[in-house]
Each structure stands twice: as structure tokens, then as C-alpha cells.
Amino acid sequence: MTDQVPESSIPESTVVAEQDAQAIEDAGAEELFQITINLPTKGSKVQVIASPREAIQDVRQSIVESTETCIHSCFSLAFNGVKLNDFMELGDVEGITPDSELDLVLNNYTEREARIHVNRLRDLLAGPSKLNVNAVGIDPAMSFLSTVSGHIEESPVDNSTYESTPTTVFSKFDLNAPASLSDFVPKGLERTPIQCVKSIALSGWNPPPHHLRLRGDLMYLIVTTLEGETVQITSTATGFHVNKSTSNHFDPSPRQDARAASDHSLIVLLEKVSPMFATNFKKLQEFITRHHMLEVMPVTSAQPAYSWAIQPSPHTFDPTRPSEAYLNYGTDSVDSLRDWNDELQSHRELPRGTLQERVMRDRFLNKINADFAEAAVRGAMDVVNGNVMPLNPLESDESHMYVYNNIFFSKGFDGRNTFEKLGGDDAAHVATGKDLEGVRTLNGVDVEGLYTLGTVVVDYKGVRVVAQSIVPGIFRQQEESSIVYGSVDNGPLVKSDEKFHETLGQAAKALHLAEHAVDNGEGKSTNLWTSFDTKGLLGADGRRYLLDLYRLNPVDVEFLENDAAAKDGMPEYPHKLTLMRPELMLYFWEHKLRNWIQERALEIQNRAEEEKKADTNNESLVAESKETAGDNVPENKGEVDDKAPNIENDVNVLDFDLSFNVDAFTSVNTPPETAGVKTEQENTVREASKFLRENVIAALLQDFMAYVVSPIDGGSLTKAMHRRGINMRYLGRIARLAHDSKELALTHIHYLAMQEMVVRSVKRLLRKYLRGLPTTHVPDCISHILNCLLGHELNASPIAVLAQDAHAYTEITPESLRESIQSEVRLRYRFELPVDFVKNIASEKKIPLLREVCIRSGIQVEARDYIFSPIVTSEVETTATVAGSTSAKKNSKADKNQTRKVIKSKKRSSTFEPSDILTILPLVKQASTRSSYADEAFEAGKTSLAQGHRQLGLELLLESLALHEQTYGFLHPETARCYQALAMIYYHSDDKEIALEFQRKAVIVSERTLGVDSPEALHNYLNLGLFEHASGRTLTALKYLKHAIQYWDLIYGKSHPDSATADNNVAVMLQSLRDFEVSCSFFERARATQELAHGPEHVVLANCHHVLAKAYALKGDFETAVKSEQLAFDMFSKLAGEKDARTVEAEVWLQELKNTAHFTANQAMYEKAALEQAAAAAVNGHHTAAPTSLSATAAAAAAKVAAAEAAIRAANAEAQVGTKGHLSLDELMEYINKSQPTPTAGSSKASKKAKARRAVQ
């Protein structure tokens, strides 16, 4: 994106970068420890691989999660008889070596350890798909990888060894059938684990009496085994034992009869008590191990993804589920109470002098932010649901403030008229998101001594809630305000603490903020770095906090002046808080830096040329003097006056100065004496605003046209815009420019942009109608709006189920909803949708539109086949006839079920019913932190690969992966990005098995953290299929590709430009399995998609026809092959020229296919004539007599064949090409595959540069 700066111009940065790279390399070079753990059972040992930088507690956790040692949870590790501290690092243990042995020493239980042990057993018994009662939605962090593969590990097979076409997942695949939503969750998903016990519950005898606590009793359990026996168990400090209690009699002492049993582990105890438990628990462990480790591991350091369409598992009876709060947090729940602000700021103050200190600091910060976000989401939901009392109950609902779980909550409304002049509630809503963006930006700068609050924004049931950590002393009554920087209470009085200003200056330098003067309300000038509205607070803990960071970027003045006003049929924009994004400000700064360097270099070059010209003139004068003075002037032949300019030394980036006044074009009062500076700063901001409109948006469209970026849904389009600093209010402008360009490559962008505007408008309407609605009416409201949007073909006048309650949403009709969407698009995006576009898109792309609305609004619906249009009567009659006339019982049963399903669907008067809406999710935005070292290593690795330094790039990426796993954990989107990049590198290096392992991880992590149908997960599945095929597992590869293609239809629909690559890969794989019929169908669909994207004449389309010709040749359809090759040759000749290598190849293939087609046609004629002669002989009664001579017709045919063969041989001799019609199928495949394209991981339409870029992204 930016030009490379000469190293000599910034020597300090270069030295720091080299030191960081060396530190990263040193960290990656640490030797791993392979530690042997001696178990309490005699002779039992396990091995654990760990980094010397890992804490002892991490090693303990690995032991707890291993299937071999999962029976233990309360233990310590000892080395040479000395117990190790859980918080010390493995490498710091005195005398330890990479192959040392540690002893697992069982500890006495405390109540907390006993609760942990019971919880661990419950987790194991729940299997890989544990029902999480604390989750905010249904089925969090799902992964379908094992289900799609069928839990089968296919052995590598050479496809040429297949004697016949094997059965694949595409054998009966209908390319024209729409994707079925009922298949969203793959069939065969194993949700219910093997049952080991009927129930494990806390006994009614809890808690232990005081006198028994002194004897070591911790809790009492009651277990019902599969044999039907009820067992009462006592948990003590030394372990667990079966006691003598019953439901009516309390005696927690150990039993002494034949049913007596005790052990340190509850799992071992149950194995002794119940033989069926022992058998089934072993099977359960095997069931869990069939899943990949990352499929079972809980997501703790990132937000788990929730699918929008689900098939919920049935609710089960669990007597211990209500007691999970006790098992997790204890009797008084003290474990759940945390001082969030102190934890956040204490972690920020951790040392960061060395790489390892930085990594540990980033790891702790990431974990505390994840924990805070989880607690904030639960608190926000309780606030919206009315479960938390406000601090100010006498004020209006919009002004309510709450404190819950040591977190401060407020609503995203303008309850105090702070934004009255900027747009009221609309401006306040935007300000909350911009404030979060500001917190994220400042956290990225990471200036020591400057603090921000933990901040999470939650949208739930139409209400935006802001959750923040509490500043110490903020609620105390103080004589004077604790605000020491910025505006005090949004009034005219402005403060500027000297120490605060100095500290903030470091962040301002990194963010390119301009120091500017404002009127402090007392007639004096005060300098600020940040906006007038940003407040600097001195907390009671002595820390300096920055609040209200929504104006950390300047105003988009060009939009405000040119687009915000009411004109040309467009209403006035709803608010004036139209700010530019931080990505744009950085992009613009780099753009100006490049221009400055070029100008400076040109100045230096011109000056050097002038000096050289002056030197030439001087030399002429000297020569003239020599001629006059004779030989008196000595010659300096050995001296060379090299005055060539050294641009790198003369251009110093530190001399470049460009900063932005965030208060430019606002109502902030400035001193008169600074008018000149203010004008200059405003011009800079205006230039940045013009740069966005005139340069950045145009560059994005160019990337779309070149397929450098190819979004497939609204989310990926949003990311592409935000990554380049483009606000979503420019969606209308992008749609307009894409349409006006008349470029076929931008057709899907134009459509996608309009679809995104519709989706965002529906989201705002849903938010409006859900706000303040009783919970019982939420499903009815959502289903009614979805019926008006998507179900108008089935029911043109849907009626809400609870219409009698007369809430606002019950008045909505399909026509009024479409008009509201049109008005919202005009208001927010300054765009006029085509007539009936909303109606048409709801008809053409029902499932993609439903998906987008559900994801953007946080809705989970049942994954079933919804009826969007009336069922044709003839179809129902045909189905009933088939069901009644089929004689086979199996077919009859299936057809009756199908008929019953159709009849059941017909009973619905509308597409959606309230029962289809399963839950509504909170939409969460958080100021997550990033690890600078991990990101730097990743970018350095990509750069090295792009420069051709493969080994160095690979080493840097491996080191970056280690840093990512340490900082973010295994289950994080950033870690998935590393897995995917490494998989691609190993694939291109022919290390197929390593590539597969990394790619499987990338699939699982992207599914569980981004969504099972996210574009990232889809592309990872496509690449995984490619890698599996390259490894000889084509049948498994086709499973992955089918899964991805089905999701592609759900996400976008058919004919997305990138889908041609997937179709091409499927076709090549099927071709390798000799399934030529289906492979030709996929090649044809890929060609049709390319034709839509590029038009009827394009080099890409010519190549498609060339590939198709070979496919039809393999199929034996040489006539169609000739037609396809003729089209390819004509296009190549016209577009590339007759001498182009592709044209020459197409010409050779065309001639050969014509010859082969001629040969096969004559051969068929000969065989037909022979068959006719044999048939005639049979009719005449000569059944047994073998024909000795041909008839006149057959002889004539034979003569024609001989003449044709002679002509072909002559033509081939001239063209130096031989006919292949006589070859066997294997020989023909071998010949064609010499030049047949292999499956590709990237789009064939992109440039090589784009492919290289995607390979590491």
C-alpha cells in the first residue's frame, strides 16, 4: 500500500526493527521440552511437550485435558521431590532439562478443588457438544469438520487405479437445485454423547454440618447409575467414598459392606461402583478423540460464533444444572466478583522490556478483555430485560444508568441532550460506536501512563447498551471536578493539565493529531491535542483516564457540505457526526508522505543537475585557461569529482510534518489570533475528505474490477470498505459508481451494495419496533416483519399472530415495509433504489437475504425449508399419485413422508411463524487488543515470501504462529489467519501432510470464531479440499467442496465470479475419477459464470472453452469438443493475436479434435453398417452362419473409412499431430491431462500478484 522508505532515512526505526526481528527469532528458536510425567499408578507415565516459557499451570492443564490422565484434577507437579509453584515458568525450574521427569503428586481437596473436580467430570460426560447454559445463544462455537468428513480417515489413493467410476457426493448432485436450508446443519452431526450415568446431582444433605466440616467433609453427591442403583457419595479432603446415607437417613461415613468404594478421583470411584460406567466412559473417550482437539477445546479468548440457522438439540433433564452457579463460584459467588478496572489497568502496567514480557502482557490483556466482554454482555442483557435496578430510577428510561458486577452500564440514547445540535439519539448512537473505535485506537498506540476504560457496546432487543469499567472515585462527591483535560461537563469551560498534555502528546504523535488552540471559557487560549469533547479524568487511583473518545478523527466535511443537506429528493442526513475512519487518516498520511518523498527527491535531482551544469561550465573555463597558460596548469587525472546526489541521505522522513485538527469544522470556539493556523488545518482536513471521495473509493472499485477483492456477502463488503477507511454511508455512492461504469466485473458489486443497504435498513426498522416490546411479543414481531419482507408471495397480506395487542409492528404490511426500506436507504445512503428492487431481491435471493438480516439483527431461526411461494397443485397431486402407486414398501413409506411434509407445509398461512424464531442474540463490539510483535512477525514473513526468501519467510511465520498461540490462544481469528497462511506455503512446497494439518486447524478455528458459514470458513474448506486432492484423498476432498458450494449458495446464491474456481476444481477432481459426465456439467457452469462476469468475448472465457473441449473429448463427445475448441481459437485469435502461444495451442487442438471427430464418425458409420448386416442376416434365418463378406453398403462404408484414415494421416503428417480417436480411455486421459489445468486455490481471473497476495492472507 505504501512505498518503501529508504532505510538510511530512518536509522533509528531500522535498528529497532532489526532488534525486534532478532528477539522474535530468538523466541522462536527456543528448544521445546519433552517432559515425562510419573503418575501415581506404579509404572504409569505420560509425556508432555511444552515450551520453557510456559507456566507450570499450563503443563498441569495439558495433563488435565489429556484422555489418559483426565481422571486427575487436584494435584501438583514435583521435581526431585520439591513441589513446583504453578505460576513459575518451566524453564525457571532449577536443574530442569528438556528430557527431565516430573512427578504427579495428589493433593488434598478443598471445597473449591472439589467443585472443580465435579465440574470437570460433568464436562467430560457432556461430550464435545456440551450444552452451555450460560451461553447467550444456542449452539455456540460449532464446527462441522468431523461431521462433513464422516469421521473417516481416507487413505491416499492413486485415482488412475480405479477400474470404474467410484460413487462420490456429486454422483446424484443437481447443479440447478437451490441450496436447502434444512441441510444447513450436516446430517450425521453427533450431538448426544454416550450415556455413562443417569444423573449426578448435589445431595439434599448439603452443605455439611459444621462438626463434619472439621472431619473433612466438603460436599455430598447423589449418583444414579445405568444399572438403576442410587449411590450417595461423600467428598472429603482426601477424596471420594460411597457413604451410608439414604434419602431419609443421613450418615456420610464410608460403607463397610460389599458396595464400599473409595478413591482420590470421582471417575475411578464410579468405575468401581458401576461396570457400565467403566465400559461407556471408555467409549465416550474414544468418541471424543474422534474429533479434532480444536473442536473440543472451549473458546475462552475470543467471542464464540453463533449460527443464524440451527437445529437445536432436545432439552434434557439434569438435576445439577441449576446448581452450576454454586459449582462454578461457590456458596457466596465471591469467585465471580472482580474489580475489572483494576485488573485491566494492572495488566497494562506489567513490564514490557523483553519480548517474553511483552508476550505475557499481551496474553493477560487479551484474556482479561475477553472475560470483561463476556461479563459485560450478560450484564447488558439483564439491563435490557429489566433485571437490574437503575441508579437514577426517577429519570427517563433513556437516561438510566446501572452498576452490575462492577461494570457501569448506560444506554446509547441522548438522554441528557448532549447531542441535541448534532442529531439527538442518532448522533448518540453513532458516538457510542466511535468512542469504542477511539478506545481501540488508543489501546493500539499503547502509551505508558495513559489509560482507557474497558469498553463493550452491546445491541440487544433494539437497545444499545454501553458497558464500561468503573473509574475509581467516579461516584464520590467531590468539591471540584476530577476532569483535568478537555471540556468540563460539555460546557464552555476547558482544562488542560500540563502532565496530561505531555503524556497525550506521545499518543498524538503516533496518531498524527495536531495541537490546536481553543477558548477555555475564561477568555484565554488553551492548547489541546484531542477534541474539545474528549475528557481527561484523574482517577482516585492516581491514573490518568481518557473518556469520550468519539471525536478522535476529523469531520468528513465534504460529505457534510455536499451530501448531508436535503436536496434532489433526498431528506436531510439524520446527524452531523459524520467522521472519517482511522484507516483513512493513516492511508492519507502515507499518501502525502509518498508525494513528499517524491517531491524532495525531484528537488534534489534538479539541484544536482544544476550543480553538474555549473561544474561543466567551470570545466570549460578551466580548459580555456589551460589553452591560454600552456602547460603551467597541472592535470588532475587521478581525481574524480563525483557529485552524484545521495537521495537516501538527503530525504529524512522525520522532516515530514502532517497532522490533523480533530476540532476542524466544529462549533468549538478558537482564539482570533490562531485564525491562520486554523484555516491551514481545515484545508488539510478538507483535502483528506476529498481524498476519500475521489481517490480511495475509486481505488476500491479498481480492486473489485481486478478481483483483488471479491466480497461474497455484506459482511465481507463491509470489511473491504472499512479496511480502506470508507464509511458505510458511502454504500450508495459505490453502488452508483459501479452501475455507471457499465463494467460487467462490477455487476455483482452493484447488486451486493444495494442488498447491503436493504439489509441495514431492515436492521434499523427491527431495532425500532423491538425497542420496549414485551419479550413475549419479540418472536411475533420478527416473524411478521420477515413475512412482509420475504413471504409476500405466499401471503400478500400477512397478519401478526398477536395483532390484537395493537403494537406498532402489527400495522406493517409488505407495501409499507418496502416503502420504509426505500425511505431509510434515501436517508442513510443518499441512494434511490430501483423500482421494485426490494420486492425482486426478496424473490430472487430469499435465503441470502434471510441470512443477512438474521446475522445483522442477531436472530437465530430454525434450519428448515421455508415455503416462500404457493405450492403448485399439480406438484402435490403428482406427489400423492407417486405415493399411492408405488409398490415397494420402502419407497411407499418415503413418498408418504414426503406427502405428509408437503401437506404440513401447506397448512401454514405464512412463511414464518413465531415458533421459528428460536432466540435473539446480543450483537457485541469490543475494543480488543492486538499483539504488535505477533503482527510484525506475520507481516515480515509475508514480505519475505513476496521477495522470494521462502525459508526466512517460513521461519518468521512459524515464529509468528507461536506468538499468536501464546497471545491469543488456539481459538482466535488471528491464529486461524496464521494457520491458513502456513498451510498454503507448505502446500506450494509439496509438504502436503503438514499443509493439511494446518488447514484443518484453520477450518475449525474460523468455523468456531467467525461462523460455520463465514466467507473465511468457506474459503478454508475450498482450500482444504484442494489439499486433500493433492494428497490422494479425492473422495474426502469432494465432501469438503460440496459442503462449501452448498454454503456458497446460501451466502450469495449462484453465479458469483469466484464460484467458477470452485466449480472448476470440482470438475478436475471428478475428471480424475473418470466421472466425465458430471465433470462436464461443472465445467459448463464455470464457463457460464465467467461469461456473466466478463462478457461473451474474453480471454478468460476462451480458456474456459479450451478446457471444456478437453473435457468433452474425454467424455467421447468430439462434436461438442470441436465446437468449444473453435470458440476458444476464435477468441484467442481476436483477443491475443494469431502468434500468441494460447492461440497456437488452440489451433493444434482444434485440428486434432476435428481429425479425431471425423475418424470416430466414420468408425461409427462402419460399425452401424456391420450391425445392420448382422441384423439382416438374422432376419433371413442365417443365425449361425458367420458373415464372410461385407454387403455393398458396408463395403462402401469401409472404403470411406479407409479414405478418411488416409486423409487424416496425410493431414496429421502435415500438422505433425496424430489422431487420438483410436486410443484407449487411459491413453486419452494421459494425453489430455498433460495440459489439463489442475485445481487452483485462487481465482483464475486475478493477476499473479493478487494470487500471491491471497496466498498469505
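Predicted model, so just to flag it, every value in this text is computed and none were measured.

A word on the packing of aromatic side chains. Aromatic rings in a pair are described by how distant their centres are and how their planes are angled relative to each other. All told, the structure shown has 27 aromatic pairs when counted by the stated rule. Arranged with centres 5.4 Å apart and planes meeting at 75°, the rings of Tyr-220 and Phe-250 form a pair that is edge-to-face. Taken together, the positions of Tyr-220 in strand β7 (residues 217–225) and Phe-250 in the loop between β9 (239–242) and β10 (262–263) put the pair 30 residues apart, joining distant regions of the chain. According to the relative accessible area criterion, Tyr-220 is buried, its value standing at 1%. According to the relative accessible area criterion, Phe-250 is partly exposed, its value standing at 27%. Taking 6.0 Å as the distance between ring centres and 50° as the angle between the ring planes, the aromatic pair formed by Phe-588 and Phe-660 counts as tilted. Placement of the pair is Phe-588 in helix α15 (residues 582–629) and Phe-660 in the loop between α16 (647–650) and α17 (675–705), with a sequence separation of 72 residues. The same class applies to Phe-588 as to Phe-660, namely buried. Ring pairs connect the aromatic residues Tyr-587, Phe-588, Phe-660 and Phe-691, which therefore count as one cluster. Above the ring of Tyr-451, the side-chain terminus of Arg-543 is found at 5.6 Å from the ring centroid. Between Arg-729 and the ring centre of Phe-559, over which it is positioned, the NZ or CZ distance is 5.1 Å.

With that settled, the discussion passes to the sheet that holds strand β22 (residues 859–862). Read across the sheet, three strands follow the order β11-β22-β23 without closing on themselves; strand pairing throughout is mixed. Of all strands in the sheet, those bounded by a partner on one side alone are β11 (309–310) and β23 (917–920). Together, β22 and β23 form the strand contacts of helix α21 (residues 778–790), whose direction differs from that of β23 by roughly 115°.

Let us look at the sheet that holds β7. On the basis of which strands lie adjacent, the open sheet formed by five strands has the order β6-β7-β8-β9-β10 and antiparallel pairing. The strands lining the two open edges of the sheet, one partner per strand, are β6 (197–202) and β10. Bridge count between β9 and β10: two bridges; the pairing is antiparallel. Bridging from a neighbouring strand, Phe-240 pairs with Asp-263 of β10. Of the strands in this sheet, β6, β7, β8 (230–236) and β9 touch helix α3 (residues 111–126), which is tilted by about 20° from β7.

Cut-offs and rules
Residues numbered from 1 in each chain as written. Predicted model: local features only at pLDDT ≥ 70, side-chain atom pairs only at ≥ 80, totals over all residues. Heavy atoms only, no water. Phe/Tyr/Trp six-rings, centres within 6.5 Å; stacked < 30°, edge-to-face > 60°. Helix = DSSP H or I, 4+ residues; strand = E, 2+ residues; numbered from the N terminus. Buried < 20%, exposed > 50% of the residue type's maximum accessible area, 1.4 Å probe, protein only. Lys NZ or Arg CZ within 6 Å of the ring centre and 35° of its normal. Pairing = 2+ DSSP bridges. Contact = heavy atoms within 4.5 Å. Axes fitted to C-alpha atoms, helices over the stretch in contact; angles between N-to-C directions.

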